[in-house]
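# Structural description and commentary
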Amino acid sequence: MNMKLVKGYTLAILALLILVAAGILLLNNLGGEWKMQFFWKPITLRPAVGMLLAGVAGVVVWYTAIRLLPTALVSLRKGKEIQQTKNDQQRLKNLENRKNDSPKLGSV
């Protein structure tokens, strides 16, 4: 496993966790009150604080969807390409070694 794959998997997992957390918060807070269900604990916010938190959360979700997730996918693709190239080179070496080690026809 190379560093591009590690980076890609890490960013993909981080993006997935952020998007799942945003979805959970959204589903928990459907309704017209300013009470917010923060995962396991209900909290009451002033409307201005709620709006600021919603704005910050929106920026985080936007950044995750626009920047983090595509970067993770590109890194995963490059890492897979590097890994596939290494595997192909190793197979080619093995084939060349077998070809060189096999007895030649006509020699006794």
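Residues numbered from 1 in each chain as written. Predicted model: local features only at pLDDT ≥ 70, side-chain atom pairs only at ≥ 80, totals over all residues. Heavy atoms only, no water.

## Re the environment of Leu19
Relative to the assigned elements, Leu19 resides in helix 1 (residues 3-28). Among all residues touching Leu19, those that are not within four sequence positions of it are Val61 and Thr64. (Helix = DSSP H or I, 4+ residues; strand = E, 2+ residues; numbered from the N terminus. Contact = heavy atoms within 4.5 Å.)

## Brief notes about helix 1
With 26 residues, helix 1 should reach 38 Å at 1.5 Å per residue; the first-to-last C-alpha distance of 37 Å fits that figure. Residues of helix 1 that are buried: Leu5, Gly8, Leu11 and Ala15. (Expected span 1.5 Å × (residues − 1). Buried < 20%, exposed > 50% of the residue type's maximum accessible area, 1.4 Å probe, protein only.)

## Describing the pairing of strand 1 (residues 35-38)
Sheet analysis places strand 1 next to strand 2 (residues 41-44), joined by 4 bridges and oriented antiparallel. Each residue of the ladder has a partner; that of Lys35, found in strand 2, is Thr44. Counted along the chain from strand 1 to the antiparallel partner strand 2, the turn is 2 residues long, and its residue Phe39 has a positive phi close to 55 degrees. (Pairing = 2+ DSSP bridges.)

## Focus on the confidence of the model for the chain
Residues at a pLDDT of 70 or more form 87% of the chain, whose mean pLDDT is 83. Within the chain, helix 2 (residues 47-101) carries the highest mean pLDDT (87), whereas strand 1 carries the lowest (75). (pLDDT = per-residue confidence, 0-100.)

## Considerations on the pattern of salt bridges
For side chains of opposite charge, pairing can occur when their charged atoms come near one another. Evaluation of the coordinates by the stated rule reveals 1 salt bridge. For Arg91, the salt bridge is made with Asp88, and the minimal N-O distance between the two is 3.2 Å. One end of the pair is Arg91 and the other is Asp88, both in helix 2 and 3 residues apart, which spans about a single turn. According to the relative accessible area criterion, Asp88 is partly exposed, its value standing at 35%. (Salt bridge = Lys/Arg side-chain N within 4 Å of Asp/Glu carboxyl O.)

## A word on the side chain of Thr64
Topologically, Thr64 is positioned in helix 2. If we ignore the near neighbours within four places in the chain, the residues touching Thr64 are Ala15, Ile18, Leu19, Leu69 and Pro70.

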